[in-house]
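What follows is the residue order along each chain.
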Amino acid sequence: AKCVNAVSEWFVAEVRRNGEVHAMEFARGKTTQKIKVIGSTKRTGTKITFMPDSEIFTGTKDFNFDILAKRLRELAFLNPGVCITLDDERQGKKKTFQFDDGISQYVAYLNESKVTLHQEPISFSGEALNESGVGTIIVDVALMYNDGFSDQIYSYANSIHNVEGGTHLSGFRTALTRVINGYARSNDLIKEKDLSLTGDDTREGLTAVISVKVP
């Protein structure tokens with residue numbers, strides 16, 4: 001909301017809680033109407049209304065339905081159980097996204113047009129204390145192999161796509177190679193004299209999503 005407020009010609013926030021509706025107004029990031037109670041309600045929730053600033057968005061202020069749908073679908077995958085509805089009143093287009101199995105469904109979605117090597121995605125999760133000792137880091141991973149040659153790995157931190165990767169991505173790649181090699185050797189699939197599988201070998205045809213929640 002802070003980012004949107006900064007790039008909006010006007011911005012109105014309405015918050016419903018404790019039986020009251022609170023409202024506050026801004027213009028280009030600066031307060032124009034301090035918070036005040038404008039009504040009563042039995043509901044809870046926040047409503048944000050804004051107009052993109054034409055001084056910043058000089059090319060277009062139009063919202064692209066397909067771009068928004070792609071991002072909101074992604075957010076629904078990354079936050080299992082959350083229901084997100086996109087309603088475009090300009091064209092009468094509407095889509096609702098909700099995925100109770102989260103990134104497992106995301107991986108299956110990414111593989112819809114491919115021949116997969118196993119029927120269901122492999123998924124696991126874990127938690128660990130933050131290095132500072134305050135808060136918990138949550139890690140969710142889902143993966144699936146297909147008969148392709150290239151890999152497709154998406155990494156996220158707090159639902160933000162990390163295009164450049166990060167320690168969670170490099171850690172996953174290292175662990176995947178180590179675990180597969182360890183399993184192969186302990187089950188005599190790779191002999192002692194044989195070379196270990198490389199990272200490229202273990203990631204061939206891999207589709208994976210890594211999501212971390214960091215306080």
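Reading the values: rules and limits
- Residues numbered from 1 in each chain as written.
- Predicted model: local features only at pLDDT ≥ 70, side-chain atom pairs only at ≥ 80, totals over all residues.
- Heavy atoms only, no water.
- Helix = DSSP H or I, 4+ residues; strand = E, 2+ residues; numbered from the N terminus.
- Rg over C-alpha atoms; globule rule 2.2 N^0.38 Å.
- Buried < 20%, exposed > 50% of the residue type's maximum accessible area, 1.4 Å probe, protein only.
- Contact = heavy atoms within 4.5 Å.
- Areas by Shrake-Rupley, 256 points an atom, 1.4 Å probe, with all protein chains shown as cover.
- Lys, Arg positive; Asp, Glu negative; His and termini not counted.
- Charge placed at Lys NZ, Arg CZ, Asp CG, Glu CD.
- 1 Å grid on protein atoms, 1.4 Å probe; cavity = no way out; pocket = protein on both sides within 12 Å on 5 of 7 lines; lining within 4 Å.
- Points joined across faces, edges and corners; volume = space filled by probe spheres on them.
- Nonpolar A, V, L, I, M, F, W, Y, C, P; charged D, E, K, R; others polar.
- Phe/Tyr/Trp six-rings, centres within 6.5 Å; stacked < 30°, edge-to-face > 60°.
- Arc of directions from axis to C-beta.
- Pairing = 2+ DSSP bridges.
- Axes fitted to C-alpha atoms, helices over the stretch in contact; angles between N-to-C directions.
- Salt bridge = Lys/Arg side-chain N within 4 Å of Asp/Glu carboxyl O.

Q: Quick one: what's the story with the overall build of the chain, residue by residue and with numbers?
A: Helix and strand counts for the chain come out as five helices and 11 strands. Scaling as 2.2 N^0.38, a compact globule of 215 residues should have a C-alpha radius of gyration of about 17 Å, whereas the chain reaches 23 Å, well beyond that. Along the first, second and third principal axes, the C-alpha set of the chain runs to 75 × 45 × 35 Å. When burial is assessed residue by residue, the chain has 31% of its 215 residues classed as buried. Restricting the contact set of the chain to residue pairs at least 6 apart, pairs at least 24 apart contribute 54%. Roughly 14,200 Å² of accessible area belongs to the chain as shown, and the carbon and sulfur atoms make up 53% of that amount. Positive and negative charge centroids in the chain, built from 26 and 28 side chains respectively, lie 7 Å apart.

Q: Could you give an account of the layout of surface pockets, with specific residues and numbers?
A: Each pocket or cavity is described by its volume, and for the largest pocket that value is around 580 Å³. For the largest pocket, the lining is made up of 14 residues, of which F63, L68, L86, D87 and D88 are closest to its centre. Elements represented by at least two residues in the lining of the largest pocket include exactly α2 (65-78) and β5 (84-88). At five residues, β5 tops the list of elements feeding residues into the lining of the largest pocket. Residue composition of the lining of the largest pocket, by class: seven nonpolar, one polar and six charged.

Q: Help me get a handle on the packing of aromatic side chains, residues and values and all.
A: Enumeration over the complete set of coordinates arrives at seven aromatic pairs. Taking 5.8 Å as the distance between ring centres and 70 degrees as the angle between the ring planes, the aromatic pair formed by F11 and F26 counts as edge-to-face. One end of the pair, F11, is in strand β1 (residues 8-17); the other, F26, is in strand β2 (residues 20-27), and 15 residues separate them in sequence. Relative to Y109, the ring of F77 has its centre 5.5 Å away and its plane inclined at 40 degrees; by these criteria the two rings are tilted. Residue F77 is located in helix α2, and its partner Y109 is located in helix α3 (residues 103-110); the two are separated by 32 residues in the primary sequence. Taking relative accessible area as the criterion, Y109 reaches 34% and is therefore assigned partly exposed. Taken together, the aromatic side chains of F77, F99, Y106, Y109, Y154 and Y156 make up a single cluster linked through ring pairs.

Q: Now, about α3: what can you tell me, with residues and values included?
A: Looking only at α3, the buried set comprises I103, S104, Y106, V107 and L110. Viewed end-on, α3 has its buried residues packed into an arc of 160 degrees, placing them on one side of the element. On the buried face of α3, the contacting elements are α2, β7 (122-129), β8 (136-145), β9 (152-157) and β11 (206-213).

Q: Any chance you could break down the sheet that holds β2 for me, citing the residues and the numbers?
A: As summarised here, the arrangement of the four strands in space is β3-β2-β1-β4, forming an open sheet in which the pairing is antiparallel. This sheet does not close on itself; its edge strands, each paired only once, are β3 (30-40) and β4 (45-52). This sheet shows a mean twist of 15 degrees between the axes of neighbouring strands, independent of strand direction. With eight bridges joining them, β1 and β4 adopt antiparallel strand pairing. Within β4, the position partnered with A13 by the bridge is I48.

Q: Could you give an account of the pattern of salt bridges, with specific residues and numbers?
A: If you walk through the whole model with that rule in mind, you get eight salt bridges. Where E55 meets R28, a salt bridge forms, and the shortest distance between an N and an O atom there is 3.5 Å. Here R28 lies in the loop between β2 and β3 and E55 lies in the loop between β4 and α2, a separation of 27 residues in the sequence. D88 is paired through a salt bridge with R90; the nearest N and O atoms lie 2.7 Å apart. Since its relative accessible area comes to 7%, D88 is described here as buried. Here the salt bridges share partners, and the residues they tie into one network are R28, D53 and E55.

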